[in-house]
Amino acid sequence: MPRVGSETPAPSSSSSMASTIKAYTVPLILFVAAMFYQLFVIPKSFPVSHYDVLGIKRYSSIADAKEAYEKISSKWNLGNEVPSTDDFIKIQYAYEFLTNPSWKSNYDLFGIDEHIRVIDKVKGKYAGESFSKIKLPLLDATVSVPEDVSLNVITHKDFESILKDTRPSLIQVFSFESKRCAQFLAVWKRIVFLLDGVANTCSVELGDLQLAVYLAEKKPTGQPFFRNGLPSLVAFPPDCKTADCVIRFDGELSVDAVTDWFSTTILGLPRILYYSRDTLVPKFLSKSSPHKVRVIFFSKTGERAAPFVRQAAQSYWAYASFAFVLWQEEDSSFWWNGLGVESAPAIVFLKDPGLKPVVYHGSVNSSRFSTIMEQNKLQELPQLRSVTSMELGCDAHGYSRAGVDTTTWYCAVLAGRLGPELDKMRETMRRVQELLSNDLKEADKVESFSPAAAALNSRRLTFAWLDGEAQKKYCYFCLHSGNSSESIYDTCGPRRDMADVPRIFIVRYKRNFTEENLKVETKPKGIWDTMKGDDVAPASQLVARYNGLDESLQIIEWISNIIKDGDSRDLPSFRTKTPELVPEDADPIWVRGAQKVLSKITIKQRIHGIIRGIYDRLGDPRNGPYLLLGALMSFGAIWLRRSRPTPPSQSNQPSQPTNDESRPKRRGRARAASNKDKPPSMTDVDPKDAFQMPFSDSDSNSE
């Protein structure tokens, strides 16, 4: 009985259409994107130019612009055409703009047109009126930037020498014919003043095409442009030598915004906070380290700290704390009674407790402020700290303040824990220092005072105070011998009870230069020699403790006797490893995590640059043709693949016999054929003449 095969139903038209659409999804998406670019994105990115308004080709000459305008205006004069107010404004603006050589050049090369807002302004002013009532000309071409010395205009030759400087640079790109640049001139002068001594500042005129094009941004098409027009500020961080690492300012063109951006982003300097009358004491004076000098700036404008001030705050962070206060007239009496400030601008230095503030009135520049800071970075009675020991000459590894040739010098130190008792003794020590330094003639009259006065005058004697709690190891080392352990705890180490007893000691340093000069540098023989050489200080030390009354004259007499004996008698040298002074304050965040802007861009700037680059590439006119070409190529590839004939399936081919018996026979024949010509081997059948050779020692022959 014949078999009846079932027929496959033909696919419906709807399923065939769906599969076709699915196959061509990618080409359709690319085609839609290409049309979107051509119809919407590109016209928005490339609006109608002034050349299009006059009906001439782009980059046409000034003569062509005049000729086109005359043809249009002749029709108006003859009455053949009556333009609308908006059309008249656009045509008149294009004519005036393109006939100005400087404006036209900047527009052709960099796309700069800072007068474009005039069109909307004039349209709003003459809305609903006849074009004949519009006052001409629309544009004022008389404004220009004066050639000022503060601009420091450079050429491409000068630019090479600026890049060789290790300091950062801030460059202003401007045009003499730009009204915005003329308005920015006063701001730029102030910026140059504030950056003096911190960075190089110069200007580049747009007429220097070689340098202007180098400093401009580049579109994906390669055309140079200035994103925010002119003036444009470009910063070269330290060690930046190419345009690839420059950072551009895109904020508000104000003194405060530019200087803050340059200080924070380019230099990585810390910000200095403002405080009011009510917050200065609880939030600044109370929280500042007692080891540092407080520096308070009074400002009338409320501007952020100048870059050179912030640079000083970074350089002197171990010596001083900085704060700003906005000067207000209603608080003038409060500041006068409290700090002695008459008016702003002013700088106040708060040093030792109970000491009168040091006030400087008037504005200062970078060099002047550096001098002031160097004079006032230490307290009147300097503190012996890890950062000041070498400078004060109170370190056995260093030299005297009198110079490297001084053999013997002294350091008188007041040690104690922070508190009223220590403040009182610091005042006594300041009085001792003042009597010996300011009244040398009076001190010389007393014979017992002259050694101390002479040593202080020759800078062989230094006065300082020591925080016995923070520097407990050094304090124990200097005060241990000659005192019971219980009495030392009243001066050194953490506070155990209410007893605080400040103590005075003096250290004599003596350096044996003859021994140092004769010392032969040899390679250490072992680890012990190396460690011993590192531990022993080059200058010997002898410590004497004061046990007298807390009176200035008696302290001076005791110091003079110590110096007299130390200079005249050949006291034995005593060298040992002195405990190191530990830092009282931890490094601030901006020191620990060094902000290396240099030639690198921060993460925030990098992300902003990526977003800006994507936005620039979205407006590339080549994107539309690229997408259209991709759509056509994808469509063609899919069409060719779908147009190929489908090969017949295995179900349509004639069926092959499936007799299982034939398979082993074929394998057997193949095996027999393969073994026919093989040579005999150990695995072959035994040959006819083969026999078993008997063994002589076998068990069968044992009988």
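Here is what the cut-offs are and how they apply
Within every chain, residues take consecutive numbers counted from 1 along the sequence as written. Only residues with pLDDT of at least 70 are given local features in this predicted model, and only at 80 or more are side-chain atom pairs given and counted; all residues enter the totals for whole chains, interfaces and linings. Side-chain measures here rest on the full set of heavy atoms in the structure, leaving out hydrogens and waters. Pairs of strands are assigned from DSSP output, requiring at least two bridges between the strands. Secondary structure follows DSSP: runs of H or I at least 4 residues long count as helices, runs of E at least 2 residues long count as strands, and numbering of each begins at the N terminus. Residue contacts are defined here by distance: any two heavy atoms, one from each residue, within 4.5 Å place the two residues in contact. Each axis is a line fitted through C-alpha atoms, and for a helix only the stretch in contact is used; angles between axes span 0 to 180 degrees, taken between their N-to-C directions. Each residue is placed in one exposure class: buried if its accessible area under a 1.4 Å probe, protein chains only, is under 20% of its type's maximum, exposed if it is over 50%, and partly exposed if it falls in between. The term salt bridge refers to a side-chain nitrogen of Lys or Arg lying within 4 Å of a carboxyl oxygen of Asp or Glu. UniProt positions are given in the numbering used here, feature names are shortened, and annotations may be inferred rather than shown by experiment. In this scheme, a crossing is called left-handed if the near helix is turned counterclockwise away from the far one by less than a right angle; it is called right-handed if the turn is clockwise. Three classes are used: nonpolar for Ala, Val, Leu, Ile, Met, Phe, Trp, Tyr, Cys and Pro, charged for Asp, Glu, Lys and Arg, and polar for all others, with Gly counted as polar.

The protein chain is annotated in an unreviewed UniProt entry as J domain-containing protein from Quercus rubra.

> When you look at the sheet that holds strand β10 (residues 346–350) in this model, what are you seeing that I'm missing?
For sheets, the rule is that strands pair by backbone hydrogen bonds, running either parallel or antiparallel. The five strands are arranged β7-β9-β8-β10-β11 in an open sheet whose pairing can be described as mixed. Across the chains shown, the open sheet's two edge strands, defined by having one partner strand only, are β7 (274–275) and β11 (358–361). Two elements, strand β8 (residues 293–299) and strand β9 (residues 320–326), share seven bridges in a ladder whose sense is parallel. Bridge pairing links V293 to A320 in β9. Relative to the sheet, helix α14 (residues 332–339) contacts β8, β9, β10 and β11, its axis offset from that of β8 by approximately 155°. On top of the sheet, helix α15 (residues 366–376) reaches β8, β9, β10 and β11; it is set at about 175° to β11, its chief contact.

> Before we go on, may I ask you to explain the pairing of strand β13 (residues 461–467) in this structure?
Moving residue by residue along a regular strand, the side chains alternate between the two faces of the sheet. Extensive coverage of β13 is indicated by the burial of seven of its seven residues. Here β13 shows two buried faces, one formed by L461, F463, W465 and D467 and the other by T462, A464 and L466.

> Help me understand the sheet that holds strand β12 (residues 408–416) in this model?
Judged by pairing direction, the sheet is mixed, and its four strands sit side by side in the order β13-β12-β14-β15 without closing on themselves. The open sheet has two edge strands, β13 and β15 (539–545), and neither has a second partner. Averaged over all pairs of adjacent strands, the angle between strand axes in this sheet comes to 25°, irrespective of strand direction. Relative to strand β14 (residues 503–511), β12 runs antiparallel, the two sharing eight bridges. Looking at β14, one finds that A415 is bridged to R503.

> When you look at the pattern of salt bridges in this model, what are you seeing that I'm missing?
Pairing is possible between side chains of opposite charge, provided their charged atoms come close. For the structure shown, the criterion picks out 20 salt bridges. Of the charged contacts, one joins R271 and D260 as a salt bridge, the two residues approaching to 2.9 Å between their closest N and O atoms. Here the residue R271 occupies a position in the loop between α11 (255–266) and β7, and D260 occupies one in helix α11, the gap between them amounting to 11 residues.

> Help me understand the UniProt feature "transmembrane region" (unreviewed entry) in the protein chain, please; the structure alone is not making it clear to me.
Under the present numbering, the feature "transmembrane region" (unreviewed entry) in UniProt falls on residues 21–40. What you have in residues 21–40 is 95% helix and 0% strand, and the ends, taken at the C-alpha atoms, are 26 Å apart.

> Quick question: what am I supposed to make of unusual backbone geometry here?
Residues L136 and P137 are joined by a peptide bond in cis, for which omega reads 0°. Inspection of the secondary structure puts P137 in the loop between α7 (117–125) and α8 (156–164). Following A344, the chain continues to P345 via a peptide bond in cis, the omega torsion being 0°. Residue placement: P345 occurs in the loop between α14 and β10. Of note in this structure, R459 is not a glycine but carries a positive phi near 65°. Relative to the helices and strands, R459 is located in the loop between α19 (450–457) and β13. Residue R459 is classed as partly exposed on the basis of its relative accessible area of 42%.

> Help me understand the packing of helix α17 (residues 420–438) against helix α24 (residues 552–568), please; the structure alone is not making it clear to me.
In a packed pair of helices, the relevant descriptors are the angle between the two axes and the axis-to-axis distance. Viewed as axis vectors pointing N to C, α17 and α24 meet at an angle of 65°, and their least axial separation amounts to 9 Å. As α17 packs across α24, the resulting crossing turns out to be right-handed. From α17, T428, R431, V432, L435 and L436 reach across to α24, where they touch S552, L553, I555 and I556. Across the contact of α17 with α24, the residue classes break down as six nonpolar, two polar and one charged.

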